[in-house]
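Here's the letter readout for the chains.
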Amino acid sequence: MKLHHLLLCVHLLGVIVWVGGMSFAHLCLRPAALALAPAERLSLWQRVFARFFPIVWVAIAAIVGSGFAMLLEVGFAQAPRSWHAMAAIGLVMAAIFASIWFGPWRALQRAVTAESWAQGAKALGEIRQRVGLNLALGALTVLLATLGLAF
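Residues numbered from 1 in each chain as written. Predicted model: local features only at pLDDT ≥ 70, side-chain atom pairs only at ≥ 80, totals over all residues. Heavy atoms only, no water.

Enquirer: What is the right way to read the packing of aromatic side chains from this model?
Expert: Within a pair of aromatic rings, the relevant descriptors are the distance that separates the centres and the angle that separates the planes. Summed over all chains, the structure comprises eleven aromatic pairs. With 5.4 Å between their ring centres and 85° between their planes, F53 and W105 make a pair best called edge-to-face. Linking F53 in helix α2 (residues 38-74) with W105 in helix α4 (residues 104-114), this pair joins segments that are 52 residues apart in sequence. Taken individually, F53 and W105 each receive the classification buried, so the pair is uniform in this respect. (Phe/Tyr/Trp six-rings, centres within 6.5 Å; stacked < 30°, edge-to-face > 60°. Helix = DSSP H or I, 4+ residues; strand = E, 2+ residues; numbered from the N terminus. Buried < 20%, exposed > 50% of the residue type's maximum accessible area, 1.4 Å probe, protein only.)

Have a look at this one:
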């Protein structure tokens, strides 16, 4: 097996876990959870994120590490522009995730512990907005990867 194939496999697995997890959470779990009372809904999200977010850190490490390894393998100057765009978008996505981790995620945890449902709802709303942005950026990145949109 070529190193490139292994790197591509690691890269795609990371993307599937991260973008797929965001898709499931945003498009399936969120609408279903709206039927719950605030205390149950916010507690559910706190438990879901407590499991999902550490996995996202691993996925980010896999994506960034394998992505830059593939860029180095080809050479930055010889890599297609779409690869550079994917790298830039991926780094923005990682920064957005870090802003969730260190901001509203911490606020949601504190709010659920304190049973402050209004503060928890505010934090969850901020997470939802940032996840929505990352989901859109992830979809754009998939388009760049598969269609190699030239610009």
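Enquirer: Just to check I follow, could you spell out the environment of F52 for this structure?
Expert: With respect to the element layout, F52 can be found in helix α2. You can call F52 buried: its relative accessible area is 16%. C-alpha separation for the pair F52 and R30, spaced 22 residues apart in sequence, amounts to 14 Å. When near neighbours in sequence (up to four residues on either side) are disregarded, F52 contacts V17, W18, G21 and M22. (Contact = heavy atoms within 4.5 Å.)

Enquirer: How should I be thinking about the packing of α2 against α4 in this particular structure?
Expert: Describing two packed helices takes the angle between their axes plus the distance from one axis to the other. Closest axis-to-axis distance for the α2/α4 pair is 10 Å, and the angle between their directions is 135°. Classified by the angle between their axes, α2 and α4 sit oblique to one another. Remark: the crossing between α2 and α4 carries left-handed chirality. In contact with L42, S43, W45, Q46, F49, A50 and F53 of α2, α4 contributes W105, L108, Q109 and V112. The residue inventory of the contact of α2 with α4, partitioned by class, reads eight nonpolar, three polar and no charged. (Axes fitted to C-alpha atoms, helices over the stretch in contact; angles between N-to-C directions. Parallel < 35°, antiparallel > 145°, perpendicular 65-115°, else oblique. Left-handed = near helix turned anticlockwise from the far one by under 90°. Nonpolar A, V, L, I, M, F, W, Y, C, P; charged D, E, K, R; others polar.)

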